[in-house]
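Residue-level structure breakdown
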Amino acid sequence: MNLLRFGVNIDHVATIRNARGADYPDPVRAAELAMAAGADGITAHLREDRRHISDTDIEALARVTRKRGIPLNFEMAVTPEMEAICLSHLPHAACLVPERREEVTTEGGLDVVGGHNRIAPAVKRFVDAGVRVSCFVDADIAQIAAAKSVGAQVVELTTGPYCDAVREGSPEAPHLLRILCAAAEEADRLGLEVHAGHGIDYETVGAIAAIPQVAELNIGHFLIGESIFVGLSSAIGRMRLLMNAARAEAAA
Ligand code: PXP
């Protein structure tokens, strides 16, 4: 059975820190704890407006993840500023995401079809520098094909619509899950590694973990919220158990 990798996104530790303009809680300490609790990777999104993770955080995260031999997944918009920062730290992976200042969180996937001519040269520069490139895309066949054609090695499928539907009790949820499964199959057929993330919680993780082509999940907001009640290590431990149990059951 192929076990899923578990990337922990620590952005919202920085959101809480920044709410007070203080230096506590420290997202780097959260990353250390997440790694000790069994995270396979640390994910952080340096946004243009620096609303959570800061440049200093990225520097420190690059240092501690390298020291531990744990991959850092640097989420970033495709802009010259972010490209320069990424190339200066050379994280294990860069996950290219869309970014709008007025959004609360990343809303939907990157338009790789429409942005092909801008994205392809940036992907080449990352790949040439040894950074593994992932495109965060909707579960859409055309976007997946475009990710392949710009040279990305990975697609991260957005699980937001499915997770929202489950939370809202929408009858659309099974249909959205089928779309995710078909997208994962297609990405795998094209030779792309498949990741998934956005909005995942204890309730939705099982169905997503059971998709056999999915190699990695990236989870943030729910884990940081849950850690208020049970602690980060426990929240990570429970999520890991649910992921592994769903994967094992699907493979049986
Ligand atoms: N993957 C990507 C590409 C994201 O932008 C985010 C949100 O930062 C996540 C995963 C994690 O989503 P959530 O915080 O809802 O678990």
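Residues numbered from 1 in each chain as written. Predicted model: local features only at pLDDT ≥ 70, side-chain atom pairs only at ≥ 80, totals over all residues. Heavy atoms only, no water.

Another point: the pairing of strand S7 (residues 193–197). A regular strand places its side chains on the two faces of the sheet in alternate fashion. Within S7, four of the five residues are buried, leaving the element largely enclosed by the surrounding structure. Pairing geometry for strand S6 (residues 154–158) and S7, over five bridges, is parallel. Across the sheet, Leu157 pairs through a bridge with Ala196, a residue of S7. Pairing of S7 with strand S8 (residues 214–219), which is carried by four bridges, proceeds in the parallel orientation. Paired with Val194 across the strands is Val214, a residue of S8. (Buried < 20%, exposed > 50% of the residue type's maximum accessible area, 1.4 Å probe, protein only. Helix = DSSP H or I, 4+ residues; strand = E, 2+ residues; numbered from the N terminus. Pairing = 2+ DSSP bridges.)

Turning our attention to the environment of Ile16. By secondary structure assignment, the location of Ile16 is in helix H1 (residues 11–19). Residue classification places Ile16 among the partly exposed positions, given a relative accessible area of 43%. When the C-alpha atoms of Ile16 and Pro27 are compared, they prove to be 9.6 Å apart, with eleven residues separating the residues in sequence. The residues touching Ile16, leaving out its near neighbours within four places in the chain, are Pro25 and Ile224. (Contact = heavy atoms within 4.5 Å.)

This part is about the site of the ligand. Among the 15 residues in the neighbourhood of the ligand, the closest are listed as Glu75, Glu156, Gly199, Gly220 and His221. Contact distances for the ligand include 2.8 Å between an oxygen atom and a backbone N or O atom of Gly199. Here an oxygen atom of the ligand sits 2.8 Å away from a polar atom, N or O, in the main chain of His221. (Near = heavy atom within 4 Å. Polar contact = N/O pair within 3.5 Å; in protein donor to acceptor, adjacent residues only side chain to side chain.)

Regarding helix H10 (residues 221–230), the residues found buried are Leu223, Ile224, Glu226 and Ser227. Along H10, the residues classed as buried sweep out an arc of 165 degrees about the axis, all on the same side. The outward face of H10, more than 90 degrees from its buried face, is lined by the exposed residues His221, Ile228 and Phe229. Positive backbone phi, approximately 90 degrees, marks Gly231, located one or two places after H10. (Arc of directions from axis to C-beta.)

Looking now at the packing of helix H4 (residues 80–89) against helix H5 (residues 116–128). Their axes nearest at 10 Å, the elements H4 and H5 cross at an angle of 10 degrees. In terms of axis orientation, H4 runs roughly parallel to H5. Note on element contacts: H5 touches H4 through Ala122, Arg125 and Phe126, opposite Glu83, Cys86 and Leu87. Grouping the amino acids of the contact of H4 with H5 by side-chain chemistry returns four nonpolar, no polar and two charged. (Axes fitted to C-alpha atoms, helices over the stretch in contact; angles between N-to-C directions. Parallel < 35°, antiparallel > 145°, perpendicular 65-115°, else oblique. Nonpolar A, V, L, I, M, F, W, Y, C, P; charged D, E, K, R; others polar.)

The subject of this paragraph is the sheet that holds S6. Within the closed barrel, the eight strands sit side by side as S1-S2-S3-S4-S5-S6-S7-S8. Their pairing is parallel. The mean inter-strand angle of the sheet, taken between neighbouring strand axes irrespective of direction, is 25 degrees. Here strand S5 (residues 132–137) pairs with S6 via four bridges, running parallel. Residue pairing in the sheet places Ser134 in a bridge with Val154 of S6.

Below, the discussion takes up the pattern of salt bridges. In this structure the tally under the stated criterion is 14 salt bridges. For Arg5, the salt bridge goes to Glu193, with nearest N and O atoms at 2.7 Å. Remark: Glu193 occurs in strand S7 and Arg5 occurs in strand S1 (residues 5–9); sequence separation between them is 188 residues. A residue is classified by how much of its surface remains accessible, and Arg5, at 33% relative accessible area, is partly exposed. (Salt bridge = Lys/Arg side-chain N within 4 Å of Asp/Glu carboxyl O.)

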